[in-house]
Amino acid sequence: MKEPIIKVSNLSHRYNIQWAIKDINFEFNNKGIYGLLGANGAGKSTLMNIICGVLNQTDGDVFINGINLRENPVQAKKHIGFLPQQPPLQPELTIEEYLTYCAYLRLMPENTIKQAVQEVMEKCKISHFAQRIIKNLSGGYQQRVGIAQAIIHRPDFIVLDEPTNGLDPNQILEVRSLIKEIAEERTVLLSTHILQEVQALCDDIWMINEGQIIFSGTLDEFDHYAMPGLFNATLL
Ligand code: ATP
C-alpha cells in the first residue's frame, strides 16, 4: 500500500518548560492544499519547522513518504519544499543567481540546474525579472521567489508558512493563484491565521489552538463547526 505523503505521529515540542505543540497526529495522501489555521502563537510555525526538519521535536515522529525524518533527514528532505515565514532570500543576488544557488544547496546534479532554474522561473512567472536584484522586487515578487526556491528540486510535498503575510490585497490574490497552480501537481500544507485564506484555498483544514489540533475536516464541515463571531474576532 502507498505510504502517506506526510504522517505526523504523537508530535510534541517544548521550548524549555513550555509546550508549544502537544500530541499532534495527522496524515494525508493526495494532491491539493491542506490548511493549518490558528491564531498567533498557536504553534503553527513550530509544527511546520519540525515537519521540514528545521527544528528537532521533543517527542513523536514525522514520516515523509514513509521515511522517518528524524532517522533519515537527508532522504526525507528531498521530498519536502519549505517556504518559512522569513524566506531565506539573498537580497543582493539576482533571481536567477539565487535560484541557482538554491539548486546547488539542494545538491541537484549540476547538469540539471540551468533547466530547473528556467522551469521554476516560468512556473512562478518571474522569468522576465530573472536578472533583477531580489532586494529591488516588490513583496509579492519576493514571495514568488520564495515559492520558487521551495519547488526548485521538484518535491512532491510543499510547506508554506503564512505565505501571504505582509502582502497587499493584489499581491495576496496573485500569490494565492500561484499556490493553487503549484498544488495541481503536489501536496501543499499551508499555515495561516486568516480564515479567508483557508476558505479561498483549502479543501481540508486542521485548526490548532494552544498547540493542539481542535478541529480537522473539510471546509464545509468547518463552516458548520466554526462560530463565525468567535473566529472572525480571533483570526482576522
Ligand atoms: P505566529 O503566527 O505568531 O508565528 P505560531 O502559531 O506560528 O504563531 P509558534 O511560533 O509556533 O506559533 O509559537 C508557539 C508557542 O511557542 C508560542 O507560545 C511562542 O511564544 C512559543 N515559542 C515559539 N518559538 C519559541 C522559541 N524559540 N523559544 C521559546 N518559545 C517559543
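Every value quoted in this text rests on a predicted model; they were computed, and no experiment measured them.

### Examining the overall build of the chain
Right, so step 1: What the chain contains, in helices and strands, is nine helices and ten strands.
Right, so step 2: For 236 residues, the compact-globule estimate of 2.2 N^0.38 gives 18 Å, and the C-alpha radius of gyration of the chain, at 18 Å, lies within 12% of that figure.
Right, so step 3: Here the C-alpha coordinates of the chain stretch approximately 45 × 40 × 40 Å along the principal axes.
Right, so step 4: Here the chain, with 236 residues, has 50% of them falling under the buried criterion.

### Topic: the sheet that holds strand E8 (residues 187-192)
Right, so step 1: Within the open sheet, the six strands sit side by side as E6-E7-E8-E3-E9-E10. Their pairing is mixed. The open sheet has two free edges, formed respectively by strand E6 (80-83) and strand E10 (212-218), since each of these has just one partner strand. Sheet twist, expressed as the mean angle between neighbouring strand axes with direction ignored, is 15°.
Right, so step 2: Pairing of strand E3 (residues 32-37) with E8 involves six bridges; the strand directions are parallel. Note on E8: the bridge partner recorded for Gly32 is Thr187.
Right, so step 3: Strands in contact with helix H6 (residues 169-183) are E3, strand E7 (157-161) and E8; relative to E3, the strand with the most contacts, it is inclined by about 125°.

### Side note on the pattern of salt bridges
Right, so step 1: Scanning the model with the defined rule gives eight salt bridges in all.
Right, so step 2: Note that Arg144 is salt-bridged to Glu174, the shortest N-O span being 3.0 Å. Taken together, the residues Arg144 in helix H5 (residues 139-151) and Glu174 in helix H6 connect sequence positions 30 residues apart.
Right, so step 3: Among the residues examined, Glu174 registers a relative accessible area of 40% and is labelled partly exposed.

### As for the environment of Ser9
Right, so step 1: Looking at the element boundaries, Ser9 is found in strand E1 (residues 6-15).
Right, so step 2: Considering only alpha carbons, one finds Ser9 and Asp204, 195 residues apart in sequence, at a separation of 18 Å.
Right, so step 3: Residues contacting Ser9, with those up to four places away along its chain left out, are Ile24, Asn25, Gly60, Asp61 and Phe63.

### Observations concerning the nonpolar core
Right, so step 1: By size, the foremost hydrophobic cluster in this structure holds 48 residues, and its most contacted members are Ile95, Leu99, Ile126, Ile147 and Ile179.
Right, so step 2: Residues in contact with Ile147, not counting those within four places in the same chain, are Leu83, Cys124, Leu160, Val175, Leu178, Ile179 and Ile182.
Right, so step 3: Formed by 28 residues, the second largest nonpolar core is a distinct cluster that contains Ile50, Ile64, Ala76 and Leu189.

Cut-offs and rules
Residues numbered from 1 in each chain as written. Predicted model: local features only at pLDDT ≥ 70, side-chain atom pairs only at ≥ 80, totals over all residues. Heavy atoms only, no water. Helix = DSSP H or I, 4+ residues; strand = E, 2+ residues; numbered from the N terminus. Rg over C-alpha atoms; globule rule 2.2 N^0.38 Å. Buried < 20%, exposed > 50% of the residue type's maximum accessible area, 1.4 Å probe, protein only. Pairing = 2+ DSSP bridges. Axes fitted to C-alpha atoms, helices over the stretch in contact; angles between N-to-C directions. Contact = heavy atoms within 4.5 Å. Salt bridge = Lys/Arg side-chain N within 4 Å of Asp/Glu carboxyl O. Core = buried A, V, L, I, M, F, W, Y, C linked by side-chain atoms within 4.5 Å.

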